[in-house]
Amino acid sequence: MATGGGDKLLTIDPDELRFQFELGKPSHCDLKVSNTTDKNIAFKVKTTSPKKYFVRPNTGIIPPWDTCIIRVTLQAQLEYPPDMQCRDKFLLQSTPVPPNSDTDALPANTFSKEAGKLLEEYKLKVVYVARSDKGNSDNNIKQNSDPSSNQAIQAARAARDAAVKEATQLQQELDMLKKKNQKQSPGFSIRLAITAGLIGIMVGLLLKLVLSSPPSPIPPPTPPPTAAVDG
């Protein structure tokens, strides 16, 4: 949208700023600004959220019938805006300047609104486009909707819980045997220690097998054999 009489000083493509929005990553949009006159046209870019965007160049002079590319960069954001709607606005001002004008030496009132001055303003809205990882989304949907996958996960969890419960019971029985027979002969203590070691190794292997198994249907683990203990 331009204000001012006569033909436009500049044409801008596109007429809105569209950013591929992704958390934690910057995004940019390029504006192609063309001078459609035989004069030198100075421009300046303003925004309602200067801390969120980098504009390069934000001020410049475009020679007659020439073009300038303005890159607007959206800095990395840490959260999504509500409903992916953005209220930020940009304003591009333009005005004719004398030949051989220097961007760094433009007067302070170059873009001020004064009587008799030709000053055009172009308003640009901002649009956020959500960037999604299609591959990951498809995988997540497939996993969540696959009944066999869910059943496999439930079976693995049940097997794990059963193994943990059995290991706890074996440890409790072993502790009771130790207390009951702590006054037995040294030979019995050796046999008890060997038995305890074998039980510990078998339980450890069982837990390792269950916890490292992929999420596929598996039968419940076979309980370790009960070791005979002399009374």
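Our subject is the structure listed above.
Undergrad: Can you walk me through the environment of P98 in this structure?
TA: Along the chain, P98 turns up in the loop between strand 8 (89-97) and strand 9 (120-130). For the pair P98 and N40, spaced 58 residues apart in sequence, the C-alpha to C-alpha distance is 6.7 Å.

Undergrad: Before we go on, may I ask you to explain unusual backbone geometry in this structure?
TA: Negative phi values dominate among residues other than glycine, just as trans dominates among peptide bonds. Residue D13 is joined to P14 through a cis peptide bond whose omega torsion reads 0 degrees. In this structure, P14 sits in the loop between strand 1 (10-13) and strand 2 (17-21). Cis rather than trans, the peptide bond between R56 and P57 has omega equal to -10 degrees. Here P57 is to be found in the loop between strand 5 (53-56) and strand 6 (59-62). The phi dihedral of M84 falls on the positive side, at around 55 degrees, and the residue is not glycine. Turning to its location among the elements, M84 is positioned in the loop between strand 7 (67-74) and strand 8.

Undergrad: Would you mind showing me how to read the sheet that holds strand 7 here?
TA: Remark on secondary structure: sheet strands pair via backbone hydrogen bonds, oriented parallel or antiparallel. Ordered by their spatial adjacency, four strands build an open sheet running 1-3-7-5, and the pairing between neighbours is antiparallel. Since the sheet does not close on itself, it has two edges, and those belong to strand 1 and strand 5, each with one partner. Averaged over all neighbouring strand pairs, the angle between strand axes comes to 20 degrees, with direction disregarded. Where strand 5 lies against strand 7, four bridges are found, and the strand directions are antiparallel. When the bridges of strand 7 are listed, F54 appears paired with T73.

Undergrad: Quick question: what am I supposed to make of the pairing of strand 8 here?
TA: Sheet faces and side chains relate simply in a regular strand, where the side chains alternate between the two faces. Burial analysis of strand 8 places seven of its nine residues in the buried class, which makes it a mostly covered element. Looking at chain direction, strand 4 (residues 40-47) and strand 8 are connected through eight bridges and run antiparallel. Note on strand 8: the bridge partner recorded for V45 is L92. In the sheet, strand 8 pairs with strand 9 via six bridges, with the strands oriented antiparallel. Bridge assignment links L91 to a residue of strand 9, and that residue is K123.

Undergrad: Would you explain the side chain of Q93 in this entry?
TA: With respect to the secondary-structure elements, Q93 resides in strand 8. Its relative accessible area of 3% is what places Q93 among the buried residues. Here K46 takes part through its side chain, which lies 3.5 Å from a polar atom of the side chain of Q93. Setting aside residues no more than four positions away along its own chain, Q93 makes contact with A42, F43, K44, K46, F111, L119, E120 and E121.

Undergrad: Hey, could you run me through the packing of aromatic side chains in this one?
TA: Per the counting criterion, the structure on display carries five aromatic pairs. Among the aromatic residues, those joined into a ring-pair cluster are F19, F21, Y53, Y80, F90 and Y128.

Undergrad: In this structure, what is going on with the environment of V45? I would like to understand it.
TA: By the secondary structure assignment, V45 is in strand 4. Note: C-alpha distance between V45 and F90 (45 residues apart in sequence) is 7.0 Å. Those residues in contact with V45 that lie beyond four places of it in its chain are V55, N58, I70, F90, L91 and L92.

Undergrad: In this structure, what is going on with the side chain of T95? I would like to understand it.
TA: Inspection of the secondary structure assignment puts T95 in strand 8. Looking at T95, the relative accessible area reads 4%, which means it is buried. Within the structure, the side chain of T95 is placed 2.7 Å from the backbone oxygen of L118, a separation counted as a polar contact. Residue contacts for T95: discarding those within four places in its chain leaves L9, N40, I41, A42, T110, F111, K117, L118 and L119.

Reading guide: rules and limits
- Residues numbered from 1 in each chain as written.
- Predicted model: local features only at pLDDT ≥ 70, side-chain atom pairs only at ≥ 80, totals over all residues.
- Heavy atoms only, no water.
- Helix = DSSP H or I, 4+ residues; strand = E, 2+ residues; numbered from the N terminus.
- Pairing = 2+ DSSP bridges.
- Axes fitted to C-alpha atoms, helices over the stretch in contact; angles between N-to-C directions.
- Buried < 20%, exposed > 50% of the residue type's maximum accessible area, 1.4 Å probe, protein only.
- Polar contact = N/O pair within 3.5 Å; in protein donor to acceptor, adjacent residues only side chain to side chain.
- Contact = heavy atoms within 4.5 Å.
- Phe/Tyr/Trp six-rings, centres within 6.5 Å; stacked < 30°, edge-to-face > 60°.

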